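Listed here are the chains, written in short residue letters.
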Amino acid sequence: MKSLKTPIASFFNHLIKLKVEATDQGFYYKNIIAVLESHFSNLLDNSAVKELINNINKENLVYLPFIEIDKKLECSFIDLLKLKILTTSDLISYLSEISDILQEKLIQSGNKRLELEQLLGIHSVLEQIKSIIDIQSGITDLRTIQYLFKQFLPQKKLDFIGEPVKGLQIMGLLETRALDYENIIMLSVNEGVLPAGKSTASYIPYDMKVKFGLPTYTDKDSVYAYHFYRLLQRCKNANFIYNSETNSLGGGEKSRFLMQIETNNIPNHKINHRLYANKITTEKTEPLTIKKDDYYFERLNQIAKSGFSPSSITSYIYDPIDFYRSKILKINDVEEVEEDMAANTMGTMIHKTLEALYLPYVDQVLDKYHFKDIRAQINDAIHTAYLDSYHTANNPQGKNTIMYEVARHYVSKMIAYDEDIVKTGNTLIIRKLEARYSTSIEIDSIGSIKLHGEVDRIDELNGQIRIIDYKSGMVNKSNVGLQPGDYEALITDYEKSKAFQVLMYSYLYSRNNSFTECAAGIISFKNFKEGFISYSIKKGRSFIPQPINTQELEKFEEQLVQIILELYDKDKVLTTKDH
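All values derive from a computational prediction rather than experimental measurement.

A.B. asks: Can you help me understand the sheet that holds strand 13 (residues 542–545) in this one?
C.D. replies: Strands in a sheet are paired, the pairing made by backbone hydrogen bonds, and the direction either parallel or antiparallel. Read across the open sheet, the three strands follow the order 9-12-13; overall the sheet is mixed. At either end of the open sheet lies a strand with only one pairing partner, and these are strand 9 (481–482) and strand 13. Taken together, the two bridges between strand 9 and strand 12 (residues 536–539) define a ladder with parallel strand orientation. By the bridge assignment, Leu482 is partnered in strand 12 with Ile537.

Here it is in structure tokens:
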């Protein structure tokens, strides 16, 4: 078995790659995660490995900084990983030290003979490289060690060792040593494998080899032919397996040795042919369904007490199975390092920036002097929001620089949009930013249900209250508008989830403030040309902004109650939706 193909070889390759690809900033997180996720890392220090992985993900560390260690002191496995390597001799010492620690752990674990044999092969390769760099003082590049390791490792082979007179023997054809076996199973009996045939791995032409009596591929074929037929001399059962699939590596044609056996027609030989193939079948997959059990209703009641948010209800509308996974089972996505800023992180950064910029001017009639002060603070506000949202202490780099500038552009456009409103003679007053509201509704068959939500912005434009939700993604008028009388679409069509959200924000506002009428809608940073996209009703081909009054909210409440009743319906199973 080749050492190159073993898990422990992959582990040491990752260890070398970690040090070779280190930069002035430290170790790249993907390289160190590749090492830490190895079974051997867990064997060396399981608790410390888990802690380091959690810290990398939690602190969003794209690069893990170096540490300085006194070489006279004993180092832990994690300390060795964080150690900065500058010379080739230090790299070999680092690998040898980890090899020694791993050997002790494998011996302590017991029943690890195979892994210990593999580790011995790794150790011999390291010693081979060490002897080279001791002689060749000019080898100073760490990448040279990586190259040598990859070159020497495939040459190292590990032999399976077993009881020679008992049980199953796994060996190469030449290892049979012309001994007699009763039962034989021979693999890869394909032309080009057995015999190997002509090879182009020599610089000496075939004719030259014949002229000077050098061994040729025909001599090698003769050796294999002798061993092949010698094995058949006294065996009782022989099984030959070959690949009949064409256009594959070493497949398509059975060996000439098998064809010779078939054409000889020896009376004592009973030949049976069997064809094994994978059956490819198509199965119709039924939609995933989940029945509502006691745990489901227990968790639903907990959510009802803490409060349903607009996003939790729209997640059910989007896919009931997704709602079950995230809200009932509380299975969240695995926390990973965010190397490049995600779209939702950029959205959070924009929200925090706008909140910081407008907060000092809440309940004030905005004028051109206010906007002059606001524009002067944009750079500081967005930088603070970036550090807070992205969970980093470093300035943006690479793709994050682009995302950072895009966020700055959106914030500037939002400020300019509000300034234009004021310049045209309108009266604009910011009333609330990131306002949190909650309320409860009574449903006869269920009881009290709490609702809550956080409104990005509430302002007053020329005396009219506007409830605004910022969206960093694309939103069109059709997403915030309804067909006349089609309020059921709010809870059946996810495309209308934005309309559902603004109506629910309006509903929460109306339950916490004196209310007669308001406007509610979306400001989409990717569709800024539309400005404030108001909740609307479609008439003909156009969407006409619809003021939200008590009658409109009563129709919304009917649909809200309906979707909550559906959540509590014991007979309605949760079924996944295709999107």
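Anyway, onward from the coordinates.
A.B. asks: Please explain the pairing of strand 13 as it appears in this structure.
C.D. replies: In the case of a regular strand, side chains alternate between the two sheet surfaces. Relative to strand 13, strand 12 is paired through four bridges, and the arrangement is antiparallel. Counterpart to Ile537 in the pairing with strand 13 is Ile544. A loop of two residues connects strand 12 with strand 13, the two strands running antiparallel in sequence, and Gly540 in this loop sits at a positive phi of about 70°.

A.B. asks: How should the environment of Leu194 be read in this particular structure?
C.D. replies: For Leu194, the position within the fold is in the loop between strand 3 (183–186) and helix 8 (206–211). Since its relative accessible area comes to 7%, Leu194 is described here as buried. A sequence separation of 169 residues divides Leu194 from Gln25, and the C-alpha atoms of the two residues are 53 Å apart. The contacts of Leu194, once residues within four sequence positions are left out, are Leu173, Met186, Ser188, Val189, Tyr224, Phe228, Ser255 and Phe257.

A.B. asks: I would appreciate a short explanation of the packing of aromatic side chains in the present structure.
C.D. replies: Any two aromatic rings considered together are summarised by their centre-to-centre distance and by the angle between their planes. Applying the stated rule across the entire model yields 24 aromatic pairs. Taking the centre distance of 5.0 Å and the plane angle of 35° together, the rings of Phe228 and Phe257 count as tilted. Here Phe228 is found in helix 9 (residues 217–232), whereas its partner Phe257 is found in helix 10 (residues 256–264), with 29 residues between them in sequence. Here Phe228 matches Phe257 in class, with each residue buried. For the ring pair Phe525 and Phe528, a centre distance of 5.9 Å and an interplane angle of 35° mean the geometry is tilted. Take Phe525 and Phe528: they sit in the same class, and that class is buried. One aromatic cluster in this structure is built from Tyr410, Tyr417, Tyr470, Phe525 and Phe528. Here the guanidinium or amino end of Lys19 rests over the ring plane of Tyr94, the centre of that ring lying 4.7 Å away. Here the guanidinium or amino end of Arg466 rests over the ring plane of Phe532, the centre of that ring lying 4.9 Å away.

A.B. asks: Help me out: how do you make sense of helix 14 (residues 343–358) in this one?
C.D. replies: Each turn of an α-helix holds 3.6 residues, which means side chains three or four residues apart point in the same direction. Over its 16 residues, helix 14 extends 23 Å from the first C-alpha to the last, a length consistent with the 22 Å expected when each residue adds 1.5 Å. For helix 14, the set of buried residues is Thr345, Met346, Gly347, Met349, Ile350, His351, Thr353, Leu354, Leu357 and Tyr358. Tucked inside the fold, the buried residues of helix 14 contact helix 15 (368–376), helix 16 (378–390), helix 17 (399–423), strand 6 (428–443), strand 7 (447–461) and strand 8 (464–471).

A.B. asks: What should I look at first to understand the environment of Asp79 in this one?
C.D. replies: When you line up the elements, Asp79 lands in helix 4 (residues 77–82). Put simply, Asp79 and Arg325 are 246 residues apart on the chain and 38 Å apart in space, counted from C-alpha to C-alpha.

A.B. asks: Help me understand the side chain of Lys292 in this model?
C.D. replies: Looking at where Lys292 falls in the secondary structure, it is placed in the loop between strand 5 (289–290) and helix 11 (294–306). Asp569 provides the closest opposite charge to the buried, salt-bridge-free Lys292, at an N-O distance of 5.9 Å. Within the structure, the side chain of Lys292 is placed 2.8 Å from the backbone oxygen of Glu566, a separation counted as a polar contact. Only 3.2 Å separates the side chain of Lys292 from the backbone oxygen of Lys572, close enough to count as a polar contact.

A.B. asks: Looking at this model, I keep getting lost on a nonpolar patch on the surface. Mind explaining?
C.D. replies: A grouping of Ile204, Met208, Phe212 and Leu214 is seen on the molecular surface, where their side chains present a nonpolar patch of about 390 Å² in accessible area. The residue Leu214 is located in the loop between helix 8 and helix 9 in this model. The class for Leu214 is partly exposed, based on a relative accessible area of 37%.

A.B. asks: Explain the pattern of salt bridges to me, please; I cannot follow it from the model alone.
C.D. replies: A side chain of one charge can pair with a side chain of the opposite charge if their charged atoms are brought near each other. All chains considered together, the criterion is met by 20 salt bridges. The shortest N-O distance in the salt bridge between Arg457 and Asp418 comes to 2.8 Å. Here the residue Arg457 occupies a position in strand 7, and Asp418 occupies one in helix 17, the gap between them amounting to 39 residues. Using a relative accessible area of 0% as the deciding quantity, one classes Asp418 as buried. Across the salt bridge formed by Arg457 and Asp459, the nearest N and O atoms sit 2.9 Å from each other. Asp459 shares its class with Arg457; the two are buried. By sharing partners, the salt bridges in this structure join Asp418, Arg457, Asp459 and Arg466 into a single network.

About the cut-offs
Residues numbered from 1 in each chain as written. Predicted model: local features only at pLDDT ≥ 70, side-chain atom pairs only at ≥ 80, totals over all residues. Heavy atoms only, no water. Pairing = 2+ DSSP bridges. Helix = DSSP H or I, 4+ residues; strand = E, 2+ residues; numbered from the N terminus. Buried < 20%, exposed > 50% of the residue type's maximum accessible area, 1.4 Å probe, protein only. Contact = heavy atoms within 4.5 Å. Phe/Tyr/Trp six-rings, centres within 6.5 Å; stacked < 30°, edge-to-face > 60°. Lys NZ or Arg CZ within 6 Å of the ring centre and 35° of its normal. Expected span 1.5 Å × (residues − 1). Lys, Arg positive; Asp, Glu negative; His and termini not counted. Salt bridge = Lys/Arg side-chain N within 4 Å of Asp/Glu carboxyl O. Polar contact = N/O pair within 3.5 Å; in protein donor to acceptor, adjacent residues only side chain to side chain. Patch = residues over 30% accessible without salt bridge, like charges linked within 9 Å, V, L, I, M, F, W, Y side chains within 5 Å. Areas by Shrake-Rupley, 256 points an atom, 1.4 Å probe, with all protein chains shown as cover.

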